[in-house]
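Residues per chain are reported as follows:
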Amino acid sequence: MPSFENASDLYQQGNELYVDEDYKGALEKYSQAIELERKVEYFEKRSACNYQLENYKLSINDADEAITLNPKSFNAYLRKGMGHFELEQYQDAKQAFEKALQLKPEDSKIKTWLRKTNAELENNKSSSSTTTSSSSSSSTTTLNNNNTTTNKTNSTTTTFTVTPHKRKVKWNFYQMGEYAVVSILGLQSIPKENRHVDIQNDLLTVKLNIPSQEGVPTQLDNEDLSIWERTFKLFDTILPNESSIDNATSKIEIKLKKQNASIEWPSLEVIENANKFDPQFQTASVFTTFTDPKKYPTSKKTDFDSLERQAKKEEEEEKPEGDAALNKLFQQIYSQGDEETRRAMMKSFQESGGTVLSTNWKEVGAKKVKGEAPEGMEMKYWKDM
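Residues numbered from 1 in each chain as written. Predicted model: local features only at pLDDT ≥ 70, side-chain atom pairs only at ≥ 80, totals over all residues. Heavy atoms only, no water.

*Asks:* Just to check I follow, could you spell out the overall build of the protein chain for this structure?
*Replies:* Scanning the protein chain for helices and strands turns up 12 helices and 12 strands. Each of the 385 residues in the protein chain was classed as buried or not, and the buried ones make up 39%. Of the contacts formed within the protein chain by residues at least 6 apart in sequence, a portion of 56% connects residues at least 24 apart. Accessible surface, the protein chain as shown: approximately 22400 Å² in total, 46% of it carbon and sulfur. (Helix = DSSP H or I, 4+ residues; strand = E, 2+ residues; numbered from the N terminus. Buried < 20%, exposed > 50% of the residue type's maximum accessible area, 1.4 Å probe, protein only. Contact = heavy atoms within 4.5 Å. Areas by Shrake-Rupley, 256 points an atom, 1.4 Å probe, with all protein chains shown as cover.)

Set out below in structure tokens:
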């Protein structure tokens, strides 16, 4: 039986699946819409889907298609930069983010991404590289006129310069409602079967068995480069059975369910002599990123914590007016809400055509949200026109 769905219908169905975090289903709908009609927003959303599915190269390709259709597509440059960042192609990411910033000079999200990218570029400049040399020599003996002998040695030296995989591993920590979330990053070169995570009531252990790498020895300055291992003594107790592990291609995301949901952790690890029920620990907001604590002689840690604080300070100093002020309020509600609040906001906004914004997931999740037209006006959907 032939299908009478048009591109707009397929696109809307893709949006609904995207809100429900069914990224594979949404990707299929966006692709079907693109087959019928090549529109900027279709490529933008498919790029977002591919990014969520960790198809970073495909996400970049879709972003480029959107840019071809509209060279002023802010979302396309944002997605392109994010894709390059995940692939550790920081110079390409920087170019994309700078173009996006030209289109929206006051956008705080782009400013943060650009800071992170510049920090990675700076970190790469100062990161140490491993150099190993192998020499072979041959000697010849000649008899001089004075009957003395002279040895001539010919030496060949081969030099390899690469960055050890272990040097790329980082971890960050942030809080999302009743969860403390730990991400282990930079794992593109480490197979999933080489990653091991153990969650206990007050301990988190992550061990990575790093595969051999051409040009890199297994030992460097008495450090084992074949293993990355960290044991975190957690700030407060957690519920292992209600925690989760998402083992993705380039990272591991560990969601630790707090036993005391009201406590904001000032750090991932325990603070000596700290009273965790002190009010000061119920108001903090934390996002920190760390590299391997065992440093190479010339390496430099990227202080993402200070970058985030600086970005937050700039955002707070901004004083938008009118629609911009309203949008900032919505952004604050979204960023400070839990997972259900965010899903409710996205679903209600998408399904209502931008006329309803709800934070009540129990109500929004149970049925489709209908649009509400302003007083004196009639609500019409595109497919009905």
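*Asks:* Would you explain the packing of aromatic side chains in this entry?
*Replies:* Centre distance and the angle of the planes are the two values used to describe a pair of aromatic rings. Overall, the coordinates contain 10 aromatic pairs when judged by the stated rule. Measuring from centroid to centroid gives 4.8 Å for Tyr-11 and Tyr-42, while their planes differ by 35 degrees, and the two rings are tilted. With Tyr-11 in helix α1 (residues 7-19) and Tyr-42 in helix α3 (residues 40-52), this residue pair connects regions lying 31 residues apart in the sequence. Judged by relative accessible area, Tyr-42 falls into the buried class, the value being 2%. (Phe/Tyr/Trp six-rings, centres within 6.5 Å; stacked < 30°, edge-to-face > 60°.)

*Asks:* I keep staring at α3 and nothing clicks. Help me out?
*Replies:* Two residues of an α-helix separated by three or four positions point the same way, owing to the 3.6 residues in each turn. Given a rise of 1.5 Å per residue, 13 residues ought to cover 18 Å, and the 19 Å separating the end C-alpha atoms of α3 matches this to within 8%. For α3, a buried count of 11 out of 13 residues is recorded, marking the element as mostly surrounded by other parts of the structure. Among the residues making up α3, those that are buried are Val-40, Tyr-42, Phe-43, Glu-44, Lys-45, Arg-46, Ser-47, Ala-48, Cys-49, Asn-50 and Tyr-51. (Expected span 1.5 Å × (residues − 1).)

*Asks:* Please clarify how the pattern of salt bridges should be interpreted in this entry.
*Replies:* Pairing of side chains with opposite charge becomes possible as their charged atoms draw close. For the coordinates displayed, the defined rule picks out 9 salt bridges. We note a salt bridge from Arg-38 to Glu-65, for which the minimum N-O separation is 2.7 Å. With Arg-38 in the loop between α2 (23-36) and α3 and Glu-65 in helix α4 (residues 56-69), this pair connects stretches of sequence that are 27 residues apart. Arg-38 gets classed as partly exposed once you look at its relative accessible area, which sits at 48%. Residue Lys-166 pairs with Glu-223 through a salt bridge whose shortest N-O separation is 2.9 Å. (Salt bridge = Lys/Arg side-chain N within 4 Å of Asp/Glu carboxyl O.)

*Asks:* Looking at this model, I keep getting lost on the side chain of Asp-236. Mind explaining?
*Replies:* Structurally, Asp-236 can be placed in the loop between β9 (227-233) and β10 (244-247). In terms of polar contacts, Asp-236 uses its side chain to reach the side chain of Asn-260, at 2.8 Å. (Polar contact = N/O pair within 3.5 Å; in protein donor to acceptor, adjacent residues only side chain to side chain.)

*Asks:* Got a minute to help me understand the side chain of Glu-54 in this structure?
*Replies:* Here Glu-54 shows up in the loop between α3 and α4. Among buried Asp, Glu, Lys and Arg side chains, Glu-54 stands out as unpaired, with Lys-251 the closest opposite charge at 5.7 Å. A distance of 2.7 Å separates a polar side-chain atom of Glu-54 from the backbone nitrogen of Thr-249. If near-sequence neighbours (up to four positions away) are discounted, Glu-54 is found in contact with Ala-248, Thr-249 and Ser-250. (Lys, Arg positive; Asp, Glu negative; His and termini not counted.)

*Asks:* I would appreciate a short explanation of the pairing of β10 in the present structure.
*Replies:* Side-chain positions along a regular strand alternate between the two faces of the sheet. Across 4 bridges, β10 lies against strand β11 (residues 251-257) in antiparallel orientation. Looking at β11, one finds that Ser-244 is bridged to Lys-255. Between β10 and β11, which pair antiparallel in sequence order, lie 3 residues. (Pairing = 2+ DSSP bridges.)

*Asks:* Whenever I open this one, the environment of Gln-102 confuses me. Can you help?
*Replies:* Position of Gln-102 among the secondary structure elements: in helix α6 (residues 90-103). The exposure class of Gln-102 is exposed, given its relative accessible area of 56%.

*Asks:* Can you walk me through the sheet that holds strand β6 (residues 203-209) in this structure?
*Replies:* Think of a sheet as strands paired side by side through backbone hydrogen bonds, with each pair either parallel or antiparallel. If you walk across this open sheet you meet the 3 strands as β5-β6-β9, and the pairing is antiparallel. The sheet terminates laterally at β5 (195-199) and β9, the two strands that pair on one side only. Across the sheet, the mean angle from the axis of one strand to that of its neighbour is 5 degrees, orientation sign disregarded. One ladder, built from 5 bridges, connects β5 with β6; its direction is antiparallel. Across the sheet, residue Val-197 finds its bridge partner in β6, namely Val-206. (Axes fitted to C-alpha atoms, helices over the stretch in contact; angles between N-to-C directions.)

*Asks:* Is there a simple way to think about the confidence of the model for the protein chain in this case?
*Replies:* One rule of thumb: low pLDDT means the predicted coordinates there are not for detailed reading. Chain-level pLDDT for the protein chain is 76 on average; 68% of the residues reach the 70-or-more range. When mean pLDDT is compared element by element in the protein chain, β5 scores highest at 95, while strand β1 (residues 130-143) scores lowest at 40. Low pLDDT (under 50) marks residues 128-160, which in the prediction has 51 contacts with non-local residues, meaning those over four places away or in another chain. (pLDDT = per-residue confidence, 0-100.)

*Asks:* Could you clarify how one ought to interpret the packing of α4 against helix α5 (residues 74-86) in this entry?
*Replies:* Packing of α4 against α5 leaves a shortest axis separation of 8 Å and a crossing angle of 155 degrees. Between α4 and α5, the angle falls in the class roughly antiparallel. The chirality of how α4 crosses α5 is left-handed. Here Tyr-56, Ser-59, Ile-60, Ala-63, Asp-64, Ala-66 and Ile-67 of α4 lie close against α5, whose contacting residues are Ala-76, Tyr-77, Arg-79, Lys-80, Gly-83, His-84 and Glu-86. Considered class by class, the residues forming the contact of α4 with α5 number 7 nonpolar, 3 polar and 4 charged. (Parallel < 35°, antiparallel > 145°, perpendicular 65-115°, else oblique. Left-handed = near helix turned anticlockwise from the far one by under 90°. Nonpolar A, V, L, I, M, F, W, Y, C, P; charged D, E, K, R; others polar.)

*Asks:* Would you explain the environment of Glu-120 in this entry?
*Replies:* The residue Glu-120 is located in helix α7 (residues 108-126) in this model. Residue Glu-120 is classed as buried on the basis of its relative accessible area of 4%. Between the C-alpha atoms of Glu-120 and Gln-89, which are 31 residues apart in sequence, the distance is 9.9 Å.

*Asks:* Explain the packing of α2 against α3 to me, please; I cannot follow it from the model alone.
*Replies:* Helix-helix packing is described using two parameters, namely the angle between the two axes and the distance between the axes. At a minimum axis distance of 9 Å, the contact between α2 and α3 shows a crossing angle of 150 degrees. What the angle tells us is that α2 and α3 run roughly antiparallel. In the crossing of α2 with α3, the sense of the turn from one axis to the other is left-handed. Note on element contacts: α3 touches α2 through Tyr-42, Phe-43, Lys-45, Arg-46, Cys-49, Asn-50 and Gln-52, opposite Tyr-23, Ala-26, Leu-27, Tyr-30, Ser-31, Ala-33 and Ile-34. Considered class by class, the residues forming the contact of α2 with α3 number 9 nonpolar, 3 polar and 2 charged.

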